[in-house]
Amino acid sequence: MKNILAKIMVAGALTLGFTSCSDDWLSLSDPNQETADTFWKTTDQFEQGLSAAYSTWRRPGYFSRWFQIHMILRSDEGWSESPNAEFQADANFVASAYNYDSNEGLCLPWQAMYNSVYYVNQVIDNMTDHGYDLFNKEEADRILGQGYFIRGLAYWAIAGIYGKGPINTNSKDDGEIGSQEDLFKQALEDFSKASTMLPESWPSEEKGRVTKGGALGMMARCNMQLAGIKCHRPWDSANQDANAARQYWVAAKTNIEDIFKLGIYHLCDNWMDNFTEEHENNAESLFEINFKDGLINGNEVGNQRPKFLGLYLSDGSGAWNDGSARDWLLDEFNKERDKDGNVDMRKFHTLFYYDEAEPQTATANYYGKTWPEWCNTEGYVNNEFPHACYWKKYTSVETDNKKEDYSSGANFRVLRLADVYLMYAEVLNELGENRATAVEYINKVRRRVNMSDLNAADFTDYETLLNQIKHERLVELCGECTRWYDLDRWGDLHDQAKVNEISERDADFLNFKVGKNHLWMIPNHEINLWKGLTQNPGY
């Protein structure tokens, strides 16, 4: 496998694109003029190599499209009736196409993530070999720290989707095949190294590069997933270890408190600033994927999510709606009114829907028309589209309100402070420590959107607080690709009674098999290439 990737890399992937940093920061050169033997000799070449690794994040197989589709459709937030069977298979746990060429949703993520690993391993290898001779220590550390972060992110994503794969820690050798637990541990190790090398922030012209705070946040995420593996999987009794789980919860707590100690993050006053182009890389964001609308050197460099997940309109101005939002999300948002008696404002900005009791849903402009006007245009009666709601978060309706292009320039926020606050509440609850403090961090998130404070006296036991955390994470982070990791960590995917409960709000889970469907199948093509790699159980 490494020989195949080497041919791709030497042929020019080192200089194929630009980093995830500010949209105008590009590093491009003629790939035909470089080989592995002549590269890695100058500081510019190291920057180009790092640039190539960053650029994989914008591929359709990674954050541009398929990562988001997998995380949303496989969870109970989304579903699909797309004419493309791949999307339905992603959502309903019924898939038969394991072949490399016939299923983009299966194969492109694996390809993009392992390309990312290979690209960045070359940066890491050469930097540790002789890069410190070319840079001063601070500069070298920053390049190496970014490398470790990029590799850690790939293994975190591979763990979340496939749950098995080679763990390659250099660019010359094939690594051992790792389990989901092994992959999360490797990601944790990489993020830990990154956290000691990365700066807290970058100059404004380089905003978007990964930072110390982002590395600490991803460490917390890995520790929390590892804790869940050790304590919330009853079917995997041989691997359950309460003491090991507690150590992971404690480590996550430390990671999060280290973020707080940095003192550089705060919640945006306006919740919507987290999803628009105008307020990208803001003070709430610990880590985001930078996108740019349009083409650069013939390559798509935008976020393709809005065109695939959104409101379908026959004139083409909307999305293709290959993935829809589940109706039960509306009910979850409706559980509470804000302090003024209004519907939670996050509902209106997360979903397209119509409700006579909410006048703004009838008067808001969607791609040039109101909801009733579109119903008339599309031939729908009683102001009812075919489904109760559709994805709105990250669409252009919240920015320029023009038609949805194939790609959007809106950055995808992977980790933001509101998420970290809710993670902290969860960790404190799991540790049985100071649940009043956990409630206060939940209230920090609620206050921003004018929701009433919770009373700590009402949340003194584990289950009550956990159920509230589940609600808070849903309404705050809905559609942000956290839900699948949440369901996995909480054990909701690993207990048949809990899966049955999920199936009552998401019929796709009637097909879900405990011990199998928490992992995605591995492309057969890759199994033939990697020594020792086998298909996931049950496929």
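The shown structure was predicted, so the numbers you read here are calculated from the model rather than taken from an experiment. (Residues numbered from 1 in each chain as written. Predicted model: local features only at pLDDT ≥ 70, side-chain atom pairs only at ≥ 80, totals over all residues. Heavy atoms only, no water.)

**Looking at a negative patch on the surface**
- A cluster of acidic side chains, namely Glu277, Asp293, Glu300 and Asp405, defines a negative patch on the protein surface.
- On the secondary structure map, aspartate 293 appears in the loop between β4 (285-289) and β5 (295-296).
- Judged by its relative accessible area of 41%, aspartate 293 is partly exposed. (Patch = residues over 30% accessible without salt bridge, like charges linked within 9 Å, V, L, I, M, F, W, Y side chains within 5 Å. Areas by Shrake-Rupley, 256 points an atom, 1.4 Å probe, with all protein chains shown as cover. Salt bridge = Lys/Arg side-chain N within 4 Å of Asp/Glu carboxyl O. Lys, Arg positive; Asp, Glu negative; His and termini not counted. Charge placed at Lys NZ, Arg CZ, Asp CG, Glu CD. Helix = DSSP H or I, 4+ residues; strand = E, 2+ residues; numbered from the N terminus. Buried < 20%, exposed > 50% of the residue type's maximum accessible area, 1.4 Å probe, protein only.)

**Observations regarding the pattern of salt bridges**
- Inspection of the entire model under this criterion finds 39 salt bridges.
- Residue glutamate 288 is joined to arginine 413 by a salt bridge in which the shortest nitrogen-to-oxygen separation is 3.8 Å. Placement of glutamate 288 in strand β4 and of arginine 413 in strand β10 (residues 412-416) is noted, with a sequence separation of 125 residues between them.
- A residue is classified by how much of its surface remains accessible, and glutamate 288, at 1% relative accessible area, is buried.
- For the salt bridge of glutamate 426 with arginine 489, the shortest nitrogen-to-oxygen distance reads 2.7 Å. Placement of glutamate 426 in helix α15 (residues 417-431) and of arginine 489 in helix α18 (residues 483-490) is noted, with a sequence separation of 63 residues between them.

**Points about the pairing of β4**
- Among the five residues in β4, five count as buried, and that is most of the element.
- Where β4 and β10 come together, four bridges link them in antiparallel fashion. Residue pairing across strands places glutamate 288 opposite arginine 413, the latter belonging to β10. (Pairing = 2+ DSSP bridges.)

**Observations concerning helix α3 (residues 66-73)**
- By the criterion of burial, α3 is predominantly enclosed, with eight of the eight residues buried.
- If you check which residues of α3 are buried, you get Trp66, Phe67, Gln68, Ile69, His70, Met71, Ile72 and Leu73.

**Comments concerning the nonpolar core**
- Within the largest apolar cluster, 154 residues are counted, with the highest numbers of intra-cluster contacts made by Trp57, Phe63, Phe67, Phe149, Trp156 and Phe287.
- Every residue in contact with phenylalanine 63, bar those within four places of it in the chain, is listed here: Trp57, Gln68, Leu153, Ile289, Phe291, Asn303, Phe412 and Val414. (Core = buried A, V, L, I, M, F, W, Y, C linked by side-chain atoms within 4.5 Å. Contact = heavy atoms within 4.5 Å.)

**Some words on the environment of alanine 410**
- Along the polypeptide, alanine 410 turns up in the loop between β9 (389-391) and β10.
- Judged by its relative accessible area of 3%, alanine 410 falls in the buried class.
- Considering only alpha carbons, one finds alanine 410 and threonine 276, 134 residues apart in sequence, at a separation of 5.8 Å.
- Here alanine 410 is in contact with Phe275, Glu277, Glu280, Phe291, Asn303 and Tyr394, once residues within four sequence places are set aside.

**Considering the confidence of the model for the protein chain**
- With 92% of its residues at a pLDDT of 70 or more, the protein chain shows a mean pLDDT of 91.
- Note that pLDDT drops below 50 for residues 1-32; the model gives that stretch 89 contacts with residues more than four away or on any other chain. (pLDDT = per-residue confidence, 0-100.)

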